[in-house]
Amino acid sequence: MKKKIVLSGYYGFDNAGDEGVMGAIIQGLKAVEPDIPLVVLSNQPEKTARDWQVEAVNRWDYKAVWRLFGESSVLVSGGGSLLQDVTGIKSLLYYLGIMVLARLRHNKVAIYAQGIGPVRSRFGRRLTGLVLKKAAYISVRDENSARDLADMGVPQNKIQITADPCLAWQYKCAPIDLPEGTKIGISLRKWKGADAKIFAAVADALAEKGYRIIFLPFHWPQDRDFALQVMEAMQHQDMALLVDQCLAPQTMFATIRQMEMMVSMRLHGLIMAANEEVPAVAISYDPKVTSFAHNAQMPIIEKLEGITAEELLACCEDVLNSLDVKKAILAEKKQQWQAAYEKTNRDVVNLWEKE
């Protein structure tokens, strides 16, 4: 009987970006080996099993996870930004702890297209370096992550740079119904320095140019609540629509495809737009957003605090005035991302087959 592969990430939390990462990893591994036995560690295992047609285990049931590692040979950790301590040390300890449990049960650990950090505490950086030195395979989604791991003591020759799996995911799904007209998607999150009135002023300025403004919450319901604040501050609310439901990642992809442009704080708002070759403006609240925006050659507001409506609107107008050029850049980048994604999946399957 073939040993299983276990997937560990921020799965089962109603976050369209992270659910998309999981879906893309599942699809990519099965494209290499259709019969590969996958098990997902999820916050909502029943929902994950139903939605993705895979076996799923409660990520918080450590006894069940321990038993599972006795039936598996490889732990795939990723993608996303799992290894960070900005939201608290507990998150970092959880994902590193899962890797340690896997190693104790003689599983190989594969770091899959992760964005590393920020890991700011001295303890967190030392522990991350110690655990990842023992990983059998490491791929990260950007050069900054590779440099950061090297600074933590992970040998550079162990680290490969790949692409976020959502950049290459192919899906079949119909979009939701939206109003007619040329649409601009906006994906925001509540964060220090995020001023609803400034975003509302930009949305109003775009609405005055005839664009329909579509607010797309990625993390439910937190993003929805902040989007409502922005809409309530708008003067042209008749030109705005909040997608008031938790969208599956496939549906989010298909919905973003209908946009003329995306304006996004959410990393996977930018990544999904890039997959669909929809030009975007990035608003950075975290180094991962900045890193991807530079890689995809997207205009970016690099500092959230102190942002002005005029500054953000100028970025939007720059994109809208050069849509064909921006789309051509994304089309060329997409070929590179696809090749990197396919290689990562082959590498992980090869690691599993050696067992």
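Quick note: structure is the one above.
Residues numbered from 1 in each chain as written. Predicted model: local features only at pLDDT ≥ 70, side-chain atom pairs only at ≥ 80, totals over all residues. Heavy atoms only, no water.

**Concerning unusual backbone geometry**
Residue Gly 79 follows Gly 78 across a cis peptide bond; omega there is -10°. Residue placement: Gly 79 occurs in strand E4 (residues 72–80). In this structure, Pro 118 follows Gly 117 across a cis peptide bond, with omega equal to 0°. Topologically, Pro 118 is positioned in the loop between strand E5 (108–114) and helix H5 (122–132). One non-glycine residue, Ala 113, adopts positive backbone phi at about 50°. Relative to the helices and strands, Ala 113 resides in strand E5. (Helix = DSSP H or I, 4+ residues; strand = E, 2+ residues; numbered from the N terminus.)

**Quick word on a nonpolar patch on the surface**
A cluster of nonpolar side chains, contributed by Trp 66, Val 100 and Leu 104, occupies part of the molecular surface with about 260 Å² of accessible area. Take Leu 104: it is sitting in helix H4 (residues 89–104). (Patch = residues over 30% accessible without salt bridge, like charges linked within 9 Å, V, L, I, M, F, W, Y side chains within 5 Å. Areas by Shrake-Rupley, 256 points an atom, 1.4 Å probe, with all protein chains shown as cover. Salt bridge = Lys/Arg side-chain N within 4 Å of Asp/Glu carboxyl O.)

**Some points on the sheet that holds E4**
Across the sheet, which stays open at both edges, the 7 strands sit in the order E3-E2-E1-E4-E5-E6-E7 with parallel pairing between neighbours. A single partner strand is all that each edge strand has here, and the edge strands are strand E3 (55–58) and strand E7 (159–161). Strand after strand, the sheet turns through a mean of 25° between neighbouring axes, direction not considered. Relative to strand E2 (residues 38–42), strand E1 (residues 4–8) runs parallel, the two sharing 4 bridges. Across the sheet, Ser 8 pairs through a bridge with Leu 41, a residue of E2. Across the sheet, helix H2 (residues 45–52) touches E2 and E3, and the angle it forms with E3 is around 165°. (Pairing = 2+ DSSP bridges. Axes fitted to C-alpha atoms, helices over the stretch in contact; angles between N-to-C directions. Contact = heavy atoms within 4.5 Å.)

**Some words on the pattern of salt bridges**
In total, this model carries 14 salt bridges according to the counting rule given. For Arg 50, the salt bridge identified is with Asp 51, shortest N-O distance 3.8 Å. Residue Arg 50 is classed as exposed on the basis of its relative accessible area, which comes to 53%. By relative accessible area, which is 38% here, Asp 51 ends up partly exposed. Of the charged contacts in the structure, one is a salt bridge between Asp 225 and Arg 224, with a shortest N-O distance of 3.2 Å. A single network of salt bridges, built from pairs that share partners, joins Lys 4, Glu 55 and Glu 71. (Buried < 20%, exposed > 50% of the residue type's maximum accessible area, 1.4 Å probe, protein only.)

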